[in-house]
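# Examination of the molecular architecture
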Amino acid sequence: MASNDPVPQGTIIAQGSFVGLNGRTVSGTVTIYLTGIGMYTVRLAGLSIPSENGIQMITVVNDSSLTPITLSTGGGNKNYSITLDGSVTWKQIRIYSAPNNLDYGQALLTKAQ
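Here's a quick rundown of the structure. Here the residue numbering is sequential within each chain, running from 1 through the sequence in written order. In keeping with the model being predicted, local features are shown solely for residues with a pLDDT of at least 70 and side-chain atom pairs are shown and tallied solely at 80 or more, while totals for entire chains, interfaces and linings include all residues. With hydrogens and water excluded, all non-hydrogen atoms of the structure serve as input to the side-chain values.

### Topic: the overall build of the protein chain
Counting its secondary structure elements, the protein chain contains 0 helices and 11 strands. Going along the chain from the N terminus, every DSSP run of H or I of four or more residues is numbered as a helix, and every run of E of two or more is numbered as a strand. Secondary structure elements in the protein chain, listed N-terminal to C-terminal, are β-β-β-β-β-β-β-β-β-β-β. As a reference, a globule follows 2.2 Å times the number of residues to the power 0.38, and the radius of gyration itself is taken over C-alpha atoms. The C-alpha radius of gyration of the protein chain comes to 13 Å, within 12% of the 13 Å expected for a compact globule of 113 residues. A simple rule labels every residue: compare its accessible area, found with a 1.4 Å probe on the protein chains alone, to the largest value its type can have, and call it buried under 20%, exposed over 50%, or partly exposed in between. When the 113 residues of the protein chain are sorted by exposure, 42% land in the buried category.

Structure follows, in structure tokens:
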């Protein structure tokens with residue numbers, strides 16, 4: 001059963017939609033919220049990914065990948081908190097299978113209007 005976190009409070013600063021990669025089906029959206037100074041919430045909504053252990057979210061900001069976060073659910077609406085210093089440009093969120101060493105999907109992020 002999918003878990004559903006509440007919509008975060010804050011300003012939407014970037015968003016995108018997932019597409020599958022490497023023959024995998026991944027769908028849903030990602031929204032980045034600024035929730036405080038240097039504090040962000042990455043919201044994965046309507047997420048549908050293969051149900052297996054070791055699925056991670058890799059966040060790319062300023063052309064660098066952050067430490068992967070193991071996803072706690074294979075679907076639904078889930079929030080993940082990230083703290084970053086300085087100027088941040090959100091590039092993409094990748095869904096990655098650690099056991100298979102393979103990207104399953106990605107969402108390219110655009111600035112919110």
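This is not the end of the story, as more comes after the structure.
### Examining the nonpolar core
One broad rule of soluble globular proteins: the nonpolar side chains tend to lie buried together. Nonpolar cores were defined as sets of buried Ala, Val, Leu, Ile, Met, Phe, Trp, Tyr and Cys residues, with membership established by side-chain atoms within 4.5 Å. Ranked by size, the top nonpolar core spans 24 residues in total, and within it Phe18, Val30, Val42, Leu44, Leu71 and Trp90 carry the most contacts. Every element with two or more residues in this core is listed here: strand S2 (11-20), strand S3 (27-36), strand S4 (39-48), strand S5 (55-61), strand S8 (75-83), strand S9 (90-97) and strand S10 (102-108). With 4 residues, the top contributor of residues to this core is S4. With residues near it in sequence (within four places) discarded, tryptophan 90 still touches Ile13, Ala14, Ile32, Tyr40, Val42, Thr59, Val60, Val61, Ile82, Leu84 and Leu109. Contact definition: two residues touch when any of their heavy atoms are within 4.5 Å.

### Some details on the pairing of S9
Of all 8 residues making up S9, 7 are buried, and the element is well covered by its neighbours. Pairing analysis gives 7 bridges linking S5 to S9, with the strands arranged antiparallel. The residue of S9 that forms the bridge with isoleucine 55 is serine 97. Strands pair, by our definition, only if DSSP identifies at least two bridges between them. Connecting S9 to the antiparallel partner S10 that follows it, the hairpin turn spans 4 residues, and asparagine 101 within it adopts a positive phi of roughly 50°.

### Let's talk about the packing of aromatic side chains
In this scheme Phe, Tyr and Trp rings, the latter by its six-membered ring, pair at centre separations within 6.5 Å, and the angle between planes marks the pair as stacked below 30 degrees, edge-to-face above 60, and tilted otherwise. The final tally for this structure, using the stated rule, is 1 aromatic pair. The interplanar angle of 65° and the centroid separation of 5.2 Å between the aromatic rings of tyrosine 40 and tryptophan 90 together place this pair among those described as edge-to-face. On the criterion of sequence distance, the pair formed by tyrosine 40 in strand S4 and tryptophan 90 in strand S9 is long-range, its members being 50 residues apart.

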